[in-house]
Amino acid sequence: MANPLMLDDVFHYSHEHFTNSALLDTRGNKIKVGRMRYFGSAEDLSSYTQDIIRREILDAAADPTPRILSKRLETRCKRKANHFFHLAKIYEPYVFYKAWFDNSNTENLMEEMSIEEERRFGFNLRKIEWEDYFLNVHIPGLRRHVLRK
């Protein structure tokens with residue numbers, strides 16, 4: 001309530017980050033990212049990723065390259081889809097939950113703190129700069145520790 005972060009902002013910050021600091025494909029080319037799309041549930045996301053896998057497998061099947069490459073592509077696509085579905089499940093309470101989080105109890109507790117307690121433990125949600133946090137802390141952390149890129 002004190003410093004709301006809208007999901008659209010997270011999408012914008014993510015797009016900005018991956019546009020300015022692109023991931024690379026297996027050939028070392030930058031991966032171009034489009035605008036993020038909102039899904040109402042983890043199941044909707046899973047269905048969408050399964051459709052992408054089916055299309056990629058069909059494209060691979062139409063390719064005259066050896067069948068073993070198509071099987072590798074299918075395995076890699078399924079692994080990636082499972083990874084993204086796993087991320088969706090981790091973030092499900094935040095991403096697919098349509099609600100406002102109220103921090104008034106935290107603010108009431110902070111008002112009760114002594115000056116020493118505030119100096120040691122205090123934090124002010126109103127001072128969080130979401131864009132800076134996502135672009136310089138959260139997404140780089142995801143890249144390093146989750147995507148390992």
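Please read these numbers as outputs of a predicted model, since none were measured by experiment.

Definitions and limits used
Residues numbered from 1 in each chain as written. Predicted model: local features only at pLDDT ≥ 70, side-chain atom pairs only at ≥ 80, totals over all residues. Heavy atoms only, no water. Helix = DSSP H or I, 4+ residues; strand = E, 2+ residues; numbered from the N terminus. Buried < 20%, exposed > 50% of the residue type's maximum accessible area, 1.4 Å probe, protein only. Contact = heavy atoms within 4.5 Å. UniProt positions renumbered as here; feature names shortened; annotations may be inferred. Patch = residues over 30% accessible without salt bridge, like charges linked within 9 Å, V, L, I, M, F, W, Y side chains within 5 Å. Areas by Shrake-Rupley, 256 points an atom, 1.4 Å probe, with all protein chains shown as cover. Salt bridge = Lys/Arg side-chain N within 4 Å of Asp/Glu carboxyl O. Lys, Arg positive; Asp, Glu negative; His and termini not counted. Charge placed at Lys NZ, Arg CZ, Asp CG, Glu CD.

Caption draft 1: Broad picture of the side chain of His17. Relative to the helices and strands, His17 resides in helix α1 (residues 7-20). When its relative accessible area of 10% is taken as the criterion, His17 is described as buried. In contact with His17, not counting residues within four places along its chain, are Ala22, Leu135, Ile139, Pro140 and Arg143.

Caption draft 2: Molecular detail of the environment of Ile115. By secondary structure assignment, the location of Ile115 is in helix α5 (residues 115-121). Judged by its relative accessible area of 67%, Ile115 falls in the exposed class. When the C-alpha atoms of Ile115 and His17 are compared, they prove to be 38 Å apart, with 98 residues separating the residues in sequence.

Caption draft 3: Local environment of the side chain of Asn103. Along the polypeptide, Asn103 turns up in the loop between α3 (67-95) and α4 (104-111). Residues in contact with Asn103, not counting those within four places in the same chain, are Met1, Ala2 and Leu125.

Caption draft 4: Spatial organisation of the UniProt feature "domain: Fatty acyl-CoA reductase C-terminal" (unreviewed entry) in the protein chain. In the numbering used here, UniProt assigns the feature "domain: Fatty acyl-CoA reductase C-terminal" (unreviewed entry) to residues 72-148. Summarising residues 72-148: 74% helix, 0% strand, and an end-to-end C-alpha distance of 21 Å.

Caption draft 5: Just a positive patch on the surface, in detail. The grouping of Arg76, Arg79, Lys80 and Lys149 at the surface amounts to a positive patch. Among the structural elements, Lys149 can be located in the segment after α6 (130-147). Accessibility expressed as a relative area gives 61% for Lys149, which makes it exposed.

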